[in-house]
Amino acid sequence: MISGKERLLVCVGSAPTSERVIMTGASMAKALSADWVALHVEQTGNPQTTMMEDGRLRQHLLLAEDLGADVEVVKGKTIAEEIIRYAQEKNINRIVIGRRQYGRESFLRVSPEDTVDRLLACTLFLDIYVVPDDRENFENIEQRVTKPISQLRPATIRSSLLGLLIMAAVNILGLVFYATGFSEANIIMIFILGVLLISVIGGRWLGLAASAISVLAFNFLFTDPRFTLDVNDRQYLITFPVMLVVALVSSELTARVKHEASQSAIREQRTAILYQASQRLLRATGQSSVVTTALEHLRGLVHRSAVCYLPAVHSDKDLHRIGFGGDEAELLIDPSEVDTAHWVFKNLQPAGRGTNNSTHVAGYYIPLISQEKVLGVLGVNCESEPLDREQRSLVESVAAQLALALDRERLTREQETMRVEMEREKLQSNLLRSMSHDLRTPLTAISGAGSTLLESETKIGSKTRKELLKGILNETDWLTRLVENLLSLTRVEGGSLSVQREWEVVEEVIASVVGRLRNRSSEHKIRIDLPQEPLLAFMDASLIQQVLTNIIDNAVTYTVKGSQIVVRASNDDKAVFIEVEDNGPGIPKEAKNRVFERFFTVGAHREVDRRGMGLGLAICKSIVEAHNGKISVRDAPGGGSIFRILLPSPETQLRNSVALAVE
Amino acid sequence: MKNKLLILVVEDDPPIRKFLRASLQTQGYRILEVDKGRDALSQTASHVPDMIILDLGLPDMDGLNVIQDLRQWYSAPIIVVSARGQERAKVEALDAGADDYLTKPFGVGELLARIRVAFRHSVTAHNSDNSQVSELNIGSMRVNLSNREVTIDGKKVHLTPTEYRLVVLLAKNAGKVLTHKILLRDVWGPGSITETQYLRVFMANLRRKLEVDPAQPRYLMTEIGVGYRLVDE
């Protein structure tokens, strides 16, 4: 915990002096080559700050951050105590603080004692550097001028009116009590109750005013001589101050409780939103949904549109962007904004509005870092105004959550790629194994026939010779089909890029497949059933050709000569269907679920002269699924089986093209 | 034997060259063999063969560039040979001016048929003026160019003007594959060459008028991914 570098604590507040304090702190830190922390203590009992003070504090903290400080905000009752506690915790022994000669607020403060005095009194082990204030008077004038304007908000007027009403009611009630002969104590209680109510509604200042007015009103209305501000009874000289003090204290306490309650309500709400965000981020799956969730929450928290940059999938250099928050987000597409985001991604430092990097842009950009790896950049639109301290810490916490979620996504993705990779490797080794096995058979046949022809050229009759040559052709045919299947497989495995879909006329595809298979299927009857009108389907024709070739080829292989094969095409609103029906023996029930698996073959067909690798239908399935379609098999009514391919159609284009072509 | 036709075979695979030589020589063609694109260009310039059979996958240059270079001055038929999966290269070669294509593996019968068709077209293109031909006959289909009439088995087929233009274009190139791009350009004009979908529906309608069974056509064949071919009997 003890770092080699010295650390400096600079106390920052909303007072104009703070700017000088920060500058002094920064140059001291530089001179000492020390790290420095800008600390602001938010007083829990502090009177509500004015907008101007808030703005100044924000500027100060931003300034400190720009000058290289770590900004910390702590909450506490007394500034001095918090400073000391913080310094002790962090092992800091040099403190820079500003001193106000006299201040507007000093007499209102609960602890009128000066913070610097307190610090000096409390600590023996700290070096304290006090920066005097020389612009105090000037600033004070400015404050006095601006303050009333900024305080005259509609809410204040409304609560003042309400306060007046309460005061009036209290007076009337007091008069009623007086007429009924109740004791003065009761009337005083009524007044204090009124002051309490007004403090609750209108806050500290109205409470103070009400305290004063109630004392005067009591004096005026109820003490002898009545309806004057004179008093006869000397006892009242005690009663009035006590009454005033009681009213003051109770209004002060009420106001403070109220302020704290509203503060904690805001904090609670924010915590709730952050919690909700983290919950939803946990549930979100997929990078883009994670990002959108985070951006949506960010919008809920700071009411800004935001963008997120993530590394593009295929390159480490490019970032792609996800925006949220409607048109406003579009403002962050300026090239300088994009450049800033890229800069942040590279340099791992916040940049943009409110930082000291690329201050000219409208966005505030912070890197999303998890486990020392940069996963992206979060940008918040600050075009209207920079983020305040609180908003900034909210953005930071959302960024942290987002980074965690993205990291989780990255891990999931990595696992998934690993799994796919393993599966692919397994498939490849299976494929190689069965290929080398299955290739051996036709190759043996070819080389056997070839060598026989070559060596016993003259000894064999022309009939045998012809048979051997035919055998060679058949085997090469089979090898050709195998190669074509493997080619389709590599295309489908290559992903969506290599599947090129176009609108094709179904009958053309079917006709070309049946035409090509005619030689092999000359002893089977193939019928083609098509609707009257030309049917269009969105497909990669060469791949669907492969599917139909495999299915029809299977039907030819697994049925006896003379069997009938029907190829049918139909459609509805959503899809095109192609069916291949045969009247062969059908597929056994237990095999039906597995025919589309890789390396699955129905064993009992040795009488058929062709062996299969069990790849054909698996490839069909991959191809059809790459078209977002479905392939299935069922029993034909009269025995045999029906293979059905479903190809979904993006329908609008289909309709248009048909309409166009009708002259 | 000066009247034997000379074919230049551009192919880098020796076994395929061997089988091409054997089958073409038995058919009475003279053969010139090269295995590189550059040699193809120089040999074509010095010998001016009557036909070129060109493999698209050459070691030294893209077959497509060979065609483009040759077509600057050379007008005799070029038949390209490509492997399956090279659909795009095939279409580009045809669009660049190749006359026909063969996909590996191909049979001798297929090869000889393509050669015959290509020679016939080059002969008609050279010897006769197209405007003098008044009738085209393909099987039982007759295309009468003077009174713009198409009959099948003597029965008149009613065609729209566009369909008629398509049939004439296909019939004049009977046996030859015409790419989508060429059909669209020649029938609809150069502005429509990307509307292949449009062409497909037209073809499907035309097939319904010309064929008895559109699913098992006799005349109008589809070359998937490439174009259409009107059979040449």
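Residues numbered from 1 in each chain as written. Chains lettered and ligands numbered in written order. Predicted model: local features only at pLDDT ≥ 70, side-chain atom pairs only at ≥ 80, totals over all residues.

### Details of the overall build of chain B
Looking only at helices and strands, one finds eight helices and 12 strands in chain B. Expressed as a percentage of the 233 residues in chain B, the buried residues total 36%. Counting contacts in chain B only where the partners sit at least 6 residues apart, residues at least 24 apart contribute 55% of the total. (Helix = DSSP H or I, 4+ residues; strand = E, 2+ residues; numbered from the N terminus. Buried ≥ 20, exposed ≤ 12 C-beta atoms within 10 Å, placed from the backbone. Contact = placed C-beta atoms within 7 Å.)

### Re the sheet that holds strand 12 (residues 525-529) of chain A
All names here are of chain A. The strand order 12-14-15-17-16 describes an open sheet built from five strands, whose pairing is mixed. The open sheet has two edge strands with one neighbour each: strand 12 and strand 16 (630-635). Ignoring which end each strand starts from, the neighbouring axes of this sheet average 15 degrees apart. The pairing of strand 16 with strand 17 (residues 641-648) spans six bridges and is antiparallel. When the bridges of strand 17 are listed, Lys 630 appears paired with Leu 646. (Pairing = 2+ DSSP bridges. Axes fitted to C-alpha atoms, helices over the stretch in contact; angles between N-to-C directions.)

### Observations regarding the sheet that holds strand 5 (residues 100-104) of chain B
All names here are of chain B. A sheet is described by the order of its strands in space; here five strands give the open sequence 2-1-3-4-5, paired in parallel fashion. The sheet is open, and its two borders are formed by strand 2 (30-34) and strand 5, each paired with just one other strand. Each strand axis lies, on average, 20 degrees off the axis of its neighbour in the sheet, ignoring direction. Bridge count for strand 1 (residues 6-10) against strand 3 (residues 51-55) is four bridges, and the pairing is parallel. Along strand 3, the bridge assignment pairs Val 9 with Ile 53.

### Section: unusual backbone geometry
A cis amide bond, omega -10 degrees, links B:Lys104 with the succeeding residue B:Pro105. Locating B:Pro105 in the fold gives a position in the loop between strand 5 and helix 5 (108-127). Of note in this structure, A:Asn91 is not a glycine but carries a positive phi near 60 degrees. Its location among the elements puts A:Asn91 in the loop between helix 3 (79-89) and strand 4 (94-98). Phi at B:Asp153 is positive, roughly 50 degrees, even though this residue is not glycine. For B:Asp153, the location among the structural elements is in the loop between strand 8 (149-152) and strand 9 (155-157).

### Describing helix 16 (residues 541-557) of chain A
When the terminal C-alpha atoms of helix 16 of chain A are compared, their 23 Å separation across 17 residues agrees well with the 24 Å that a helix rising 1.5 Å per residue should span. In terms of burial, helix 16 of chain A is a largely internal element, 15 of the 17 residues being buried. (Expected span 1.5 Å × (residues − 1).)

### Overview of the interface of chain B and chain A
How big an interface is tends to be stated in terms of the accessible area lost upon association of its parts. Contacts between chain B and chain A engage 21 residues on the former and 26 residues on the latter. With eight residues, the single largest contributor to the side of chain B that touches chain A is helix 8 (residues 196-210) of chain B. Tallied by class, residues from the side of chain B that touches chain A come to nine nonpolar, nine polar and three charged. (Nonpolar A, V, L, I, M, F, W, Y, C, P; charged D, E, K, R; others polar.)

### Topic: the confidence of the model for chain A
Residues and elements named next belong to chain A. Model confidence for chain A is summarised by a mean pLDDT of 78, while 85% of its residues fall at 70 or above. Between residues 102-112, whose pLDDT stays under 50, and residues either more than four places distant or in other chains, the model counts seven contacts. Across residues 604-609 the pLDDT falls below 50, and counting only partners more than four positions away or on other chains, this stretch makes three contacts in the model. (pLDDT = per-residue confidence, 0-100.)

### Some details on the pairing of strand 13 (residues 536-539) of chain A
A regular strand places its side chains on the two faces of the sheet in alternate fashion. Residues and elements named next belong to chain A. Taking every second residue as pointing to the same face, both faces of strand 13 are buried, with Leu 536 and Phe 538 on one and Ala 537 and Met 539 on the other. Pairing of strand 11 (residues 502-505) with strand 13 involves four bridges; the strand directions are antiparallel. Bridging from a neighbouring strand, Glu 504 pairs with Ala 537 of strand 13.

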